[in-house]
Amino acid sequence: MSATPSSPLPPFDAADPLGLDDLLTDEDRAVRDTVRRWAADRVLPHIAGWYERGELPGIRDLARELGSLGALGMSLTGYGCAGASAVQYGLACLELEAADSGIRSLVSVQGSLAMYAIHRFGSEEQKQHWLPRMATGEVIGCFGLTEPDHGSDPAGMRTHARRDGSDWVLSGRKMWITNGSVAGVAVVWAATDDGVRGFVVPTDTPGFAAPEIHHKWSLRASVTSELVLDDVRLPADAALPEVRGLRGPLSCLSHARYGIVWGSMGAARASFEAALEYARTREQFGKPIGGFQLTQAKLADMAVELHKGILLAHHLGLRMDAGRLRPEQVSFGKLNNVREAIEICRTSRTILGANGISLEYPVMRHATNLESVLTYEGTVEMHQLVLGKALTGLDAFR
Ligand SMILES: Cc1cc2nc3c(=O)[nH]c(=O)nc-3n(C[C@H](O)[C@H](O)[C@H](O)COP(=O)(O)OP(=O)(O)OC[C@H]3O[C@@H](n4cnc5c(N)ncnc54)[C@H](O)[C@@H]3O)c2cc1C
């Protein structure tokens, strides 16, 4: 039904200039508001201190609370998972990352990488054994693909699994693994005589260690670890039965990247809001700096990219819900949104002047977090190459 010409236009909303809220269902809004309230209550009051100290204390309690919100394995069905839509999962990622990328990373790795791998490629026994406790946050999961010498190109991974009788024996090292030191279960990808395979590794198995990586200047409120696998002996049924080859880890990554398309816009929104508020109240040369044309140009350009990015994320969410989302489209979204998000944080930082470098404001924290987000789940260059190949039909990866 079209509106009559005399219908009053809705007022302009600086928080939602395109009226994207109209695209959401009541249930979508309820999910978004619940996660936003949780983050405001449980993360925002503490995050600057955690970030400064490089810690995520109470991560097990946070995981349980996220579990009771239904945020872990949120878009998966059965086994205690919430069975939410892709759009709702995306909205949750946005709200979590508006608090901190580290919290969204905890949720992405748990749900989109570790749980997704077991849900999609696991046996019924593996699903029954792990997923319900991962959905509640009782068990934290990690996902080990990257190695010290194999990041963007995991095909040459050195971690391998050999048969010994009916057992598997895993050896190797994984690097930069989110949640590693706090995980109860690790999904580890290893080379076998039968191609790359995934293994579900209880982290108390002898020979498994996960020392934490320190000295990070990004994602400081997130646990990042090395995984050391020293002749880790596993029963035959530890292997994920339903997948062979890199298709396994890459399809998990595609799911997690989808969450980042939304999440990165959360970091951007928080930075933009800080800059807008600052521009309205900070006075120089006798008036608020938001009254200068140069500041307005920055704010207008940031608002355009922020809400275009959210619109793009929503579009991809609708395609995922319809079962029509291609990996190249996820690359499109991750490439654009993380790149624009980091640019919004940097521009916001300039509006805050010297205050922009302080942890009193969220902007620099988000900007440095996004340096990791720009690199993990496929670097900018990898997504350019994915799109370049799709556009030209020519493979430029090697
Ligand atoms: C905080 C954090 C958390 C992470 N969590 C996880 C996790 O939970 N699990 C996991 O498995 N991994 C994780 N990672 C690792 C991440 O996925 C890798 O860092 C990423 O894949 C890039 O690998 P790399 O760092 O080895 O860089 P490299 O692959 O060595 O790349 C270095 C540079 O070279 C460029 N480059 C490489 N090949 C080409 C090419 N063909 N053409 C053009 N440029 C190229 C890259 O784009 C990049 O700019 C995490 C990383 C970080 C920082």
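Since we're looking at a predicted model, the values are computed, not measured.

### Focus: the nonpolar core
Counting residues in each nonpolar core, the largest one holds 104 residues, and the members touching the most others are W189 and W262. For this core, the element with the most residues is helix α7 (residues 247-281), which contributes 16 residues. In terms of nonpolar packing, the next biggest core, distinct from the first, is built from 18 residues, C142, A183, F199 and V201 among them.

### Details of the site of the ligand
In the vicinity of the ligand lie 18 residues, with T146, S152, W176, T379 and E381 positioned nearest. The separation between a nitrogen atom of the ligand and a polar main-chain atom of F143 is 2.9 Å. Alone, the ligand offers 990 Å² of accessible surface; in the complex the protein occludes 67% of this. Sorting the residues of the shell around the ligand by element identifies β3 (167-178), α10 (363-375) and α11 (380-392) as the ones contributing at least two each. Looking at side-chain class alone, the shell around the ligand contains nine nonpolar, seven polar and two charged residues. Each of domain 2 (141-238) and domain 3 (247-392) accounts for three or more of the residues forming the shell around the ligand.

### Side note on the packing of helix α9 (residues 327-351) against α10
As a packed pair, α9 and α10 sit with axes 9 Å apart at the nearest point and diverge in direction by 155°. Our classification of the angle between α9 and α10 gives roughly antiparallel. The two elements α9 and α10 cross, and the hand of that crossing is left-handed. In this structure, α9 uses K334, V338, R339, A341, I342, C345, R346, S348 and R349 to contact α10, whose residues at the interface are V363, M364, H366, A367, L370, E371, V373, L374 and T375.

### A look at the UniProt feature "domain: Acyl-CoA oxidase/dehydrogenase middle" (unreviewed entry) in the protein
Within this structure's numbering, the places UniProt gives as "domain: Acyl-CoA oxidase/dehydrogenase middle" (unreviewed entry) are residues 142-232. Between the C-alpha atoms that bound residues 142-232 the distance is 16 Å, and the span itself is 0% helix and 52% strand.

### A short note on the packing of aromatic side chains
Enumeration according to the criterion identifies five aromatic pairs in this entry. Taken together, a centroid distance of 6.5 Å and an interplanar angle of 35° make the contact between Y89 and Y258 tilted. Highlighted residues: Y89 in helix α4 (residues 86-99) and Y258 in helix α7, separated in sequence by 169 residues. Classification of Y89 as buried rests on a relative accessible area of 3%. Residue class for Y258 comes out buried when judged on its relative accessible area of 0%. Sitting over the ring of W217, R220 keeps its end group 4.7 Å from the ring centre.

### Digging into the pairing of strand β7 (residues 224-234)
Note: β3 against β7, eight bridges, orientation antiparallel. The residue of β7 that forms the bridge with L170 is V232. Relative to β7, strand β6 (residues 208-209) runs antiparallel, the two being bridged by two bridges. Note that in β7 the partner of F208 across the bridge is L229.

### As for the domain arrangement of the protein
Often the size quoted for an interface is simply the accessible area lost on bringing the parts together. Examined at the domain level, the protein breaks down into domain 1 (20-136), domain 2 (141-238) and domain 3 (247-392). The C-alpha centroid of domain 2 is placed 23 Å from the C-alpha centroid of domain 1. On the side of domain 2, 21 residues touch domain 1, which itself brings 24 residues to the contact. The interface formed by domain 1 and domain 2 contains zero salt bridges. For the interface between domain 1 and domain 2, the tally reads seven residue pairs in polar contact (both at pLDDT 80 or more). Elements with a contribution of two residues or more to the side of domain 1 that touches domain 2: α2 (47-53), α3 (59-69), α5 (101-121) and α6 (124-135). Here the element with the most residues in the side of domain 1 that touches domain 2 is α5; it accounts for 10 residues. Along the lines of polarity and charge, the residues of the side of domain 1 that touches domain 2 split into 13 nonpolar, six polar and five charged.

Conventions we followed
- Residues numbered from 1 in each chain as written.
- Predicted model: local features only at pLDDT ≥ 70, side-chain atom pairs only at ≥ 80, totals over all residues.
- Heavy atoms only, no water.
- Core = buried A, V, L, I, M, F, W, Y, C linked by side-chain atoms within 4.5 Å.
- Buried < 20%, exposed > 50% of the residue type's maximum accessible area, 1.4 Å probe, protein only.
- Helix = DSSP H or I, 4+ residues; strand = E, 2+ residues; numbered from the N terminus.
- Near = heavy atom within 4 Å.
- Polar contact = N/O pair within 3.5 Å; in protein donor to acceptor, adjacent residues only side chain to side chain.
- Areas by Shrake-Rupley, 256 points an atom, 1.4 Å probe, with all protein chains shown as cover.
- Nonpolar A, V, L, I, M, F, W, Y, C, P; charged D, E, K, R; others polar.
- Domains from an automatic or database assignment.
- Axes fitted to C-alpha atoms, helices over the stretch in contact; angles between N-to-C directions.
- Parallel < 35°, antiparallel > 145°, perpendicular 65-115°, else oblique.
- Left-handed = near helix turned anticlockwise from the far one by under 90°.
- Contact = heavy atoms within 4.5 Å.
- UniProt positions renumbered as here; feature names shortened; annotations may be inferred.
- Phe/Tyr/Trp six-rings, centres within 6.5 Å; stacked < 30°, edge-to-face > 60°.
- Lys NZ or Arg CZ within 6 Å of the ring centre and 35° of its normal.
- Pairing = 2+ DSSP bridges.
- Salt bridge = Lys/Arg side-chain N within 4 Å of Asp/Glu carboxyl O.

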